[in-house]
Amino acid sequence: MNKQIVHQLILDKLRIDLDIAERAAQTAYETATHEENIAENKYDTLGLEASYLAAGQAKRVEEIRHSLTVCQNLTLRPYDDQRGIEVGALLGLEDEKGREQWLFLAPDAAGLKVDVVGQMITVITPRSPLGKSLLGKFEGDEVEILVAGARQQFAVTEVI
């Protein structure tokens, strides 16, 4: 598994998401400002609803743009077995049932998923309970988090 390739795939996916969001925001703006959507009476709310959608789309564009900028500025360092897991780490986890998953600990873009040769990698951030508990851990360590009142335990199987 190559951390630089994973990082590049994350950036590519964010760029694609940004392009889609920008087009959706533009469409929503055009709908909100189109002359046919001017309210004719107090019950005609199509223009108002379109303006709410446009505002939400614009906010989403800014969120993705911020995620892209922060992830572009991420300096990837090799795993240091003295410092442990830090932002920029690519790691494998195994749960109590032996299910494995790969995660990329990024400064932003939580929930984004990329596929590397059939292996799905999920982006998490240090703001998440799992991300926070992984910081400073080492290969072979176990982490435990509480999710909806249930304890989940994971073993760190590999860190890149």
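Here's what I pulled together on the structure shown here.

About the cut-offs
- Residues numbered from 1 in each chain as written.
- Predicted model: local features only at pLDDT ≥ 70, side-chain atom pairs only at ≥ 80, totals over all residues.
- Heavy atoms only, no water.
- Helix = DSSP H or I, 4+ residues; strand = E, 2+ residues; numbered from the N terminus.
- Contact = heavy atoms within 4.5 Å.
- Core = buried A, V, L, I, M, F, W, Y, C linked by side-chain atoms within 4.5 Å.
- Buried < 20%, exposed > 50% of the residue type's maximum accessible area, 1.4 Å probe, protein only.
- Expected span 1.5 Å × (residues − 1).
- Polar contact = N/O pair within 3.5 Å; in protein donor to acceptor, adjacent residues only side chain to side chain.
- 1 Å grid on protein atoms, 1.4 Å probe; cavity = no way out; pocket = protein on both sides within 12 Å on 5 of 7 lines; lining within 4 Å.
- Points joined across faces, edges and corners; volume = space filled by probe spheres on them.
- Nonpolar A, V, L, I, M, F, W, Y, C, P; charged D, E, K, R; others polar.
- Pairing = 2+ DSSP bridges.
- Axes fitted to C-alpha atoms, helices over the stretch in contact; angles between N-to-C directions.

1. What about the environment of glutamine 101?
For step 1, the next point in the chain: Here glutamine 101 lies in strand β2 (residues 100-105).
For step 2, the next point in the chain: The spatial distance from the C-alpha of glutamine 101 to the C-alpha of threonine 122 is 8.2 Å, given a sequence separation of 21 residues.
For step 3, the next point in the chain: With sequence-adjacent residues up to four places away left out, glutamine 101 is seen in contact with Leu91, Gly92, Leu93 and Phe154.

2. Overview of the nonpolar core
Side chains that are nonpolar tend, in soluble globular proteins, to be buried together.
For step 1, the next point in the chain: Counting 22 residues, the largest nonpolar core has Val6, Ile10, Leu14, Phe104 and Ile121 as the members making the most contacts within it.
For step 2, the next point in the chain: Among the elements that line this core, the one with the most residues is helix α1 (residues 3-33), at seven residues.
For step 3, the next point in the chain: With near-sequence residues (within four places) excluded, isoleucine 121 lies in contact with Met1, Val6, Leu90, Trp102, Leu103, Phe104, Leu112, Lys113, Val114 and Val116.
For step 4, the next point in the chain: Counting 14 residues, the second largest nonpolar core, distinct from the first, contains Leu91, Leu103, Ile124 and Leu130.

3. Here we look at α1
For step 1, the next point in the chain: For α1, built from 31 residues, the straight-helix expectation of 45 Å at 1.5 Å per residue is met to within 8% by its first-to-last C-alpha distance of 45 Å.
For step 2, the next point in the chain: When we look at burial in α1, the residues that qualify are Lys3, Val6, His7, Ile10, Leu11, Leu14, Asp17, Leu18, Ala21, Ala25 and Ala28.
For step 3, the next point in the chain: Its side-chain oxygen 2.8 Å from the backbone nitrogen of glutamine 4, asparagine 2 forms the N-cap of α1.

4. Side note on empty space enclosed by the protein
For step 1, the next point in the chain: Under the criterion given, the structure shown has one cavity of 30 Å³ or more.
For step 2, the next point in the chain: Computed from the structure, the largest cavity encloses a volume of approximately 60 Å³.
For step 3, the next point in the chain: Along the walls of the largest cavity sit Lys3, Thr75, Arg77, Pro78, Tyr79, Asp80, Gly84, Glu86, Val87, Gly88 and Ala89, which together make up its complete lining.
For step 4, the next point in the chain: Of the residues that constitute the lining of the largest cavity, the class distribution is four nonpolar, three polar and four charged.

5. Section: unusual backbone geometry
For step 1, the next point in the chain: Positive phi is not limited to glycine here, since alanine 109 has a value of about 75°.
For step 2, the next point in the chain: Here alanine 109 shows up in the loop between β2 and β3 (113-116).
For step 3, the next point in the chain: For alanine 109, a relative accessible area of 9% translates into the label buried.
For step 4, the next point in the chain: At alanine 148, a position not held by glycine, the phi torsion is positive, near 50°.
For step 5, the next point in the chain: What makes alanine 148 exposed here is its relative accessible area of 84%.

6. Thoughts on the sheet that holds strand β6 (residues 150-159)
For step 1, the next point in the chain: In space, the six strands of this open sheet follow the order β3-β4-β2-β1-β6-β5, with mixed pairing throughout. The strands lining the two open edges of the sheet, one partner per strand, are β3 and β5 (142-147). Across this sheet, the average inter-strand angle for adjacent strands is 40°, counted without regard to direction.
For step 2, the next point in the chain: When β3 meets strand β4 (residues 119-124), the two strands line up antiparallel, connected through four bridges. Within β4, the residue paired with valine 114 across the bridge is isoleucine 121.
For step 3, the next point in the chain: Against the sheet, α1 contacts β1 (90-95), β2, β3 and β4, and its axis sits at roughly 135° relative to β3.

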